[in-house]
Amino acid sequence: MKKLLPIILFALVNNSFAYDGFTSELSHAAGGAIIAGAITKLVEDSPNRVLIGVGASSAVSFLAESRQVLSKDAKVSSSLLDFGSHTLGSFVGAWVSDKYLLTPVITRSYSGIAIYKQF
């Protein structure tokens, strides 16, 4: 069922038009959450997987919005709003993936006292 869910969701998506309203920014946040969650899953063995997921997803959004601003007469404020929404969604998606979907990363950490006595 988990593999069929994305296919079903993509089949149900209608055409959408961008504007600076709540639903448009919510879609940017949802996209950021999905991308960051997927990247976090790809690097699940890393202890810094949340930072990698957020950073890579935000970098993708930054490059896309930069390209849009440079190639068209797009407003910078709209692109900044889109980038901010995407980044906020990236934080949420990477954190939820790390906290609830992936197994914890176990690393060695030492605490306590070690006593050595030579005989």
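Note that the structure is predicted; figures quoted are calculated from it, not measured. (Residues numbered from 1 in each chain as written. Predicted model: local features only at pLDDT ≥ 70, side-chain atom pairs only at ≥ 80, totals over all residues. Heavy atoms only, no water.)

## Considering the side chain of S58
Residue placement: S58 occurs in helix α3 (residues 49-71). Overall, S58 belongs to the buried group, its relative accessible area being 10%. Excluding anything up to four places from it in sequence, S58 contacts F83, H86, T87 and S90. (Helix = DSSP H or I, 4+ residues; strand = E, 2+ residues; numbered from the N terminus. Buried < 20%, exposed > 50% of the residue type's maximum accessible area, 1.4 Å probe, protein only. Contact = heavy atoms within 4.5 Å.)

## Remarks on the pattern of salt bridges
In total, this model carries 2 salt bridges according to the counting rule given. Across the pair E44 and K41 runs a salt bridge whose closest N-O atoms are separated by 2.9 Å. Residue K41 is classed as partly exposed on the basis of its relative accessible area, which comes to 43%. Of the charged contacts, one joins D98 and R49 as a salt bridge, the two residues approaching to 2.5 Å between their closest N and O atoms. Residue D98 is located in helix α4 (residues 76-101), and its partner R49 is located in helix α3; the two are separated by 49 residues in the primary sequence. Overall, R49 belongs to the buried group, its relative accessible area being 2%. (Salt bridge = Lys/Arg side-chain N within 4 Å of Asp/Glu carboxyl O.)

## A word on α4
Taking 1.5 Å of rise per residue, 26 residues should cover 38 Å, and α4 covers 36 Å from first to last C-alpha, within 8% of that figure. Among all positions of α4, only S78, S79, D82, S85, H86, T87, G89, S90, G93, A94 and S97 are buried. Its buried side turned inward, α4 meets α2 (22-42) and α3. (Expected span 1.5 Å × (residues − 1).)

## Considering the packing of α2 against α3
Two quantities define a packed helix pair, namely the angle between the helix axes and the distance between the axes. In contact at an axis separation of 8 Å, α2 and α3 are set at 135 degrees when each is read in the N-to-C sense. By the angle class used here, α2 and α3 are oblique. You can see that α2 and α3 cross each other, and the crossing is right-handed. Every residue of α3 that contacts α2 at H28, G32, I35, A36, I39 and T40 is listed here: R49, I52, G53, A56, S57 and E65. For the contact of α2 with α3, the class distribution of residues is 5 nonpolar, 5 polar and 2 charged. (Axes fitted to C-alpha atoms, helices over the stretch in contact; angles between N-to-C directions. Parallel < 35°, antiparallel > 145°, perpendicular 65-115°, else oblique. Left-handed = near helix turned anticlockwise from the far one by under 90°. Nonpolar A, V, L, I, M, F, W, Y, C, P; charged D, E, K, R; others polar.)

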